[in-house]
Amino acid sequence: MKPLLILLTLVVLILVFFNSRLFGQHAGETGPAAIPSLAHNPYQHYPVYRGDDLGVAYSPAKTTIKVWSPAAEGMKLFLYKSPTGSDRIEAVTCTREPGGVWSAVLNGEHKDLYYTFSAKIKGRWGEEHPDPYTKAVGVNGKRGQIIDLRETDPPGWDQDRAPELKNMTDAVIYELHVRDLSVSPGSGIANKGKFPGLTETGTVNSHGQPTGLDHIAGLGVTHIHLLPVFDFATVDESKPEIPQYNWGYDPLHYSVPEGSYATRADDGKVRIREFKQMVQELHRNGLRVVMDVVYNHTAHTGHSNFDQLVPGYYYRQWEKDGSYSNASGCGNETASDREMVRKLIIESVTYWVTEYHIDGFRFDLMAIHDIETMNQVSAALHAIKPDILIYGEGWTAGDSPLPEEHRALKKFANRLNRIAVFSDDIRDGIKGSVFDDHSTGFASGNAEMTEQVKFGIVASGSHPQIDYSKVKYSSAPYTNSPEGAINYVSCHDNHTLYDKLKVSRPDADEGTIRKMHALANTIVLTSQGIPFLHAGVEMKRTKGGEHNSYNKPDSVNRIDWEWLYENKDLVDYYRQMIALRKAHPAFRMPDAGMVSEKLRFLATEDTHLIAYQISDHANGDPWKNILVVFNGSGKTKQVTIPKGTWRYALRDQQFYPDLPEVSLQAEVAPFSALILFQP
């Protein structure tokens, strides 16, 4: 019998090996086919549920709630009258179904009741939690809620349409935190810190200048990027009277709006209705809406609904000891390469688009996700909304078991399908490293950053005039087209632009800082790619030098609308720069080949100068030729210009000055931009 047993064992091992190899294949993935973390994860025997009905399916006659928990030996659903408290109505024993699913069928009307699940795993009943697919919750997300979603639609919701967007490079993104916008006493906004605050029009500061929505719409941006507005964990929704603050990068429920931004958090319908009203009003005012999403980790690990329902499955572990990995820097990282995690992410983002009419997504720490998942996300979203905008951070906060070649890293952006990445190259090239207070960039006098800024100007793509050996962070191009690059100089992370310039150039007076400030985003707004602005940057937003304000009080984070008056000339400059970009498609070329052909850098012996010409009515521009010159020094510079007669569009931060035409040579003021054109 022994030889037979040995033979059978060998056969089984061979079959397991080939099964594992097959399990690791992903249709449509570019590059290496098998992801080792999939091939060797201990949960691969769990069934994959292919249905699209997880969560609550409500009707007046019958409500069905399904949850995926293949590890469970039993499942109970508990019904409650209220979002908190001990008013349990019923305990329902769930039925096991194929695919690792448990379901509860509730006959009759159960609308507005609250629910939780508890799974029995290894002989023990776990904590009560809503399911990961819940679409409505009560206060602090402790219980899910059964609702009729159609009751949350505002009047005219079925007629709501986003403003037109022809090309991704036509976008001008404005990154905003909901509470920051309105919480200042001088905002003139009644619903401070709430979704409805973004719907109010006619609001003004003490000088009668438009604030809030009117200001943003008047600035000319096309997209409002909202910092996390899904349900997050750190703000206690039951105490709205107490000032509380967090950016929201601590997910609790991925497919539910945050309750602290609603006028009521106890009734799950209120936050949904007010979120929709906000989107509807932004669309009416010519603004598209981008959600900042954080599918890369959860606020809790062992006590999350993920781990309570399927221990270990939703998170990555280190193979050597089984410990949870932490590429997010927040205690865990989700395993997007596992089929049911990928399914959750895809179904969540498509739900935000179909139910809430969202126009784009920014993926936090996107490189924690695998390339295949991100490409499937893109395919699903573009099938619903072809002009959707998708972008993310092409890095992680720590190491991951996911092999580097499978991560959605910036350097692999050319393997991502219609997904853009943030350019830290142009960011730090313009102002200096975000990790070094004393580091300076081109706009603050550092001539060593010139080539890095030029790389950003061509949208981090291939261009014959870029010396990639001088680009500090990237030794090769990483975008296939300008639509793949998000150009920015500041965001919610790190110092504001003004604070960074102040701390890195303590020798500079206020007037010089202002010039550097304007120059920095002039570079962003004239570069190829997609420009991204931090809310309030147009009015020299400051956080008093704080570089990590994620949980700091309103006094640090809020937008002070009096800054509008104090910096009205700078605000007007930003408005006109945005208008200039929108009026001239030469700054918004959608094709890498067009950029290489039409944009040519001029030779300058001075490394404090960057000069380039965009030629031949590029991208259908009404101007035949455009000359752009940046002076990153504190001295006036002379630049030799191409032959012919040129007109001024911008000189020393003044638009269309009444100046004579110029030829042969032009003067560029300290820390400023010069834009000339031939009509």
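Cut-offs used in this document
- Residues numbered from 1 in each chain as written.
- Predicted model: local features only at pLDDT ≥ 70, side-chain atom pairs only at ≥ 80, totals over all residues.
- Heavy atoms only, no water.
- Helix = DSSP H or I, 4+ residues; strand = E, 2+ residues; numbered from the N terminus.
- Areas by Shrake-Rupley, 256 points an atom, 1.4 Å probe, with all protein chains shown as cover.
- Buried < 20%, exposed > 50% of the residue type's maximum accessible area, 1.4 Å probe, protein only.
- Pairing = 2+ DSSP bridges.
- Expected span 1.5 Å × (residues − 1).
- Salt bridge = Lys/Arg side-chain N within 4 Å of Asp/Glu carboxyl O.
- Axes fitted to C-alpha atoms, helices over the stretch in contact; angles between N-to-C directions.
- Contact = heavy atoms within 4.5 Å.
- Parallel < 35°, antiparallel > 145°, perpendicular 65-115°, else oblique.
- Left-handed = near helix turned anticlockwise from the far one by under 90°.
- Phe/Tyr/Trp six-rings, centres within 6.5 Å; stacked < 30°, edge-to-face > 60°.
- Lys NZ or Arg CZ within 6 Å of the ring centre and 35° of its normal.
- 1 Å grid on protein atoms, 1.4 Å probe; cavity = no way out; pocket = protein on both sides within 12 Å on 5 of 7 lines; lining within 4 Å.
- Points joined across faces, edges and corners; volume = space filled by probe spheres on them.
- Nonpolar A, V, L, I, M, F, W, Y, C, P; charged D, E, K, R; others polar.
- Polar contact = N/O pair within 3.5 Å; in protein donor to acceptor, adjacent residues only side chain to side chain.
- pLDDT = per-residue confidence, 0-100.

K.L.:
What is the right way to read the overall build of the protein chain from this model?
P.N.:
Across its full length, the protein chain carries 16 helices and 27 strands. If you sum the accessible surface of the protein chain, you get close to 25400 Å²; carbon and sulfur atoms cover 52% of it.

K.L.:
Teacher, can you tell me more about the pairing of strand β23 (residues 637-640) here?
P.N.:
Working note: regular strand, side chains alternate between the two faces of the sheet. The side-chain alternation of β23 yields one buried face, formed by Lys637 and Val639, and one unburied face, formed by Gln638 and Thr640. Pairing analysis gives four bridges linking β23 to strand β26 (residues 665-668), with the strands arranged antiparallel. When the sheet's bridge partners are listed, Lys637 is paired in β26 with Val668.

K.L.:
Honestly, helix α15 (residues 568-583) in this entry has me stumped. Any pointers?
P.N.:
Since there are 3.6 residues in each turn of an α-helix, residues three or four apart along the chain are aligned in direction. With 16 residues, α15 should cover 22 Å at 1.5 Å per step; its first-to-last C-alpha distance of 22 Å lies within 8% of that length. Buried residues of α15: Leu570, Val571, Tyr573, Tyr574, Met577, Ile578, Leu580 and Arg581, and no others.

K.L.:
Sorry, what's going on with the pattern of salt bridges here?
P.N.:
Two side chains carrying opposite charge are able to pair once their charged atoms lie near each other. Tallied over the full model, the rule gives 47 salt bridges. Note that Lys269 and Asp112 form a salt bridge whose closest N and O atoms lie 3.2 Å from each other. Note that Lys269 is positioned in helix α5 (residues 268-284) and Asp112 in the loop between β6 (101-107) and β7 (114-121), a separation of 157 residues in sequence. Its relative accessible area of 11% is what places Lys269 among the buried residues. Residue Asp112 is classed as partly exposed on the basis of its relative accessible area of 27%.

K.L.:
Sorry, what's going on with the sheet that holds strand β1 (residues 55-57) here?
P.N.:
Adjacent strands of a sheet form backbone hydrogen bonds with each other and so pair up, either parallel or antiparallel. What the four strands build is an open sheet, ordered β1-β2-β6-β5; its pairing is antiparallel. Strands at the two margins of the open sheet, each flanked by one partner only, are β1 and β5 (95-97). Put simply, the sheet's adjacent strands are angled 25 degrees from each other on average, direction ignored. Bridge analysis of β1 against strand β2 (residues 62-68) gives three bridges, and the strand direction is antiparallel. Residue pairing across strands places Gly55 opposite Lys66, the latter belonging to β2.

K.L.:
Help me out: how do you make sense of the sheet that holds strand β15 (residues 360-363) in this one?
P.N.:
Spatially, eight strands are ordered β10-β11-β14-β15-β16-β17-β18-β19 in a closed barrel, and the strand pairing comes out parallel. Put simply, the sheet's adjacent strands are angled 30 degrees from each other on average, direction ignored. In the sheet, β15 pairs with strand β16 (residues 389-392) via four bridges, with the strands oriented parallel. Bridging from a neighbouring strand, Phe361 pairs with Ile390 of β16.

K.L.:
For this particular structure, what's the right way to read helix α8 (residues 371-384)?
P.N.:
A rise of 1.5 Å per residue sets the reference length of α8, with its 14 residues, at 20 Å; its end C-alpha atoms lie 20 Å apart and thus fit the reference within 8%. All of the buried residues along α8 are Ile371, Glu372, Thr373, Met374, Asn375, Val377, Ser378, Leu381 and His382. Taken together, the buried residues of α8 touch α7 (339-356), β15 and β16.

K.L.:
What am I meant to see in the packing of helix α9 (residues 424-431) against helix α10 (residues 450-457) here?
P.N.:
To describe two helices that pack against each other, one gives the angle between their axes and the distance between the axes. At their nearest, the axes of α9 and α10 sit 8 Å apart, and the two run at 140 degrees to each other. Judged by the inter-axis angle, α9 sits oblique to α10. Of the two possible hands of crossing, α9 and α10 adopt the one that is left-handed. Every residue of α10 that contacts α9 at Asp424, Asp425, Ile426, Asp428, Gly429 and Ile430 is listed here: Gln452, Val453, Phe455, Gly456 and Ile457.

K.L.:
Help me understand the packing of aromatic side chains, please; the structure alone is not making it clear to me.
P.N.:
We describe a pair of aromatic rings using the distance from one ring centre to the other and the angle between the two ring planes. As enumerated under the stated definition, the model contains 34 aromatic pairs in all. Each ring, one from Trp247 and one from Tyr249, has its centre 6.4 Å from the other, and the planes form 85 degrees; the classification is edge-to-face. Note on accessibility: Trp247 and Tyr249 belong to one class, buried. Summarising the aromatic geometry, the rings of Phe601 and Tyr612 are spaced 5.8 Å apart at their centres and angled 65 degrees between planes, so their arrangement reads as edge-to-face. One end of the pair, Phe601, is in strand β20 (residues 599-601); the other, Tyr612, is in strand β21 (residues 609-614), with 11 residues separating them in the sequence. For Phe601, a relative accessible area of 8% translates into the label buried. Three or more aromatic residues joined by ring pairs form one cluster here, namely Tyr43, Tyr46, Trp68, Phe230, Tyr254, Tyr295, Phe306, Tyr313, Tyr314, Tyr315, Tyr324 and Phe363. Sitting above the plane of the Tyr80 ring, Arg143 keeps its charged end 3.6 Å from the centroid.

K.L.:
Quick question: what am I supposed to make of the layout of surface pockets here?
P.N.:
A volume near 880 Å³ is recorded for the largest pocket. Taken together, 22 residues make up the lining of the second largest pocket; nearest its centre are Val56, Ala57, Lys135, Leu149 and Tyr351. Top element by residues in the lining of the second largest pocket is α7. It accounts for five residues. Class assignment for the residues of the lining of the second largest pocket results in 12 nonpolar, five polar and five charged.

K.L.:
Even after reading the chapter, I still don't get the environment of Asn487, so can you show me in this structure?
P.N.:
Mapped onto the fold, Asn487 is located in strand β18 (residues 485-487). Overall, the relative accessible area of 0% leaves Asn487 in the buried class. It is 38 Å that separates the C-alpha atoms of Asn487 and Asp307, two residues lying 180 residues apart in sequence. Among the polar contacts made by the side chain of Asn487, one reaches the main-chain carbonyl oxygen of Gln528 at a distance of 2.6 Å.

K.L.:
How do you make sense of the side chain of His297 when you look at a structure like this?
P.N.:
Inspection of the secondary structure puts His297 in the loop between β14 (288-293) and α6 (305-309). At 3.1 Å, the side chain of His297 forms a polar contact with the backbone oxygen of Tyr249. There is a polar contact of 2.7 Å between the side chain of His297 and the side chain of Asn296. If we skip the residues at most four places from it in the chain, His297 touches Tyr249, Asp250, Pro251, Tyr254, Ser328, Cys330, Asn332, Glu333 and Thr334.

K.L.:
Help me understand the packing of helix α12 (residues 510-526) against α15 in this model?
P.N.:
Contact pair α12 / α15: the axes reach a minimum separation of 10 Å and the direction vectors enclose 15 degrees. Taken together, the axes of α12 and α15 are roughly parallel relative to one another. Relative to α15, α12 is oriented so that their crossing is right-handed. Between α12 and α15, the residues in contact are Arg514, His517, Ala518, Asn521, Thr522, Val524, Leu525 and Thr526 and Asp569, Leu570, Tyr573, Tyr574, Met577, Ile578 and Arg581, respectively. Classifying every residue of the contact of α12 with α15 by side-chain character gives eight nonpolar, four polar and three charged.

K.L.:
Explain the confidence of the model for the protein chain here, please?
P.N.:
When pLDDT drops low, the exact placement of atoms in the prediction is not to be read closely. Looking at the protein chain as a whole, its pLDDT mean stands at 94, while 94% of the residues score no less than 70. For the stretch residues 1-34, pLDDT sits under 50, and the model shows 28 contacts to residues farther than four places along the chain or on other chains.

K.L.:
How do you make sense of the pairing of β7 when you look at a structure like this?
P.N.:
Burial of β7 is extensive: seven of the eight residues sit out of reach of the surface. Across seven bridges, the pairing between strand β3 (residues 74-80) and β7 is antiparallel. If you follow Met75 over to β7, its bridge partner there is Ala119. Examined bridge by bridge, β7 and strand β9 (residues 144-145) share two bridges and lie antiparallel to one another. Considered in β9, the bridge of Tyr115 is made with Gly144. By the bridge criterion, two bridges tie β7 to strand β8 (residues 124-125) in an arrangement that is antiparallel. In the sheet register, Ile121 faces β8, and the bridge partner there is Arg124. Connecting β7 to the antiparallel partner β8 that follows it, the hairpin turn spans two residues, and Lys122 within it adopts a positive phi of roughly 55 degrees.

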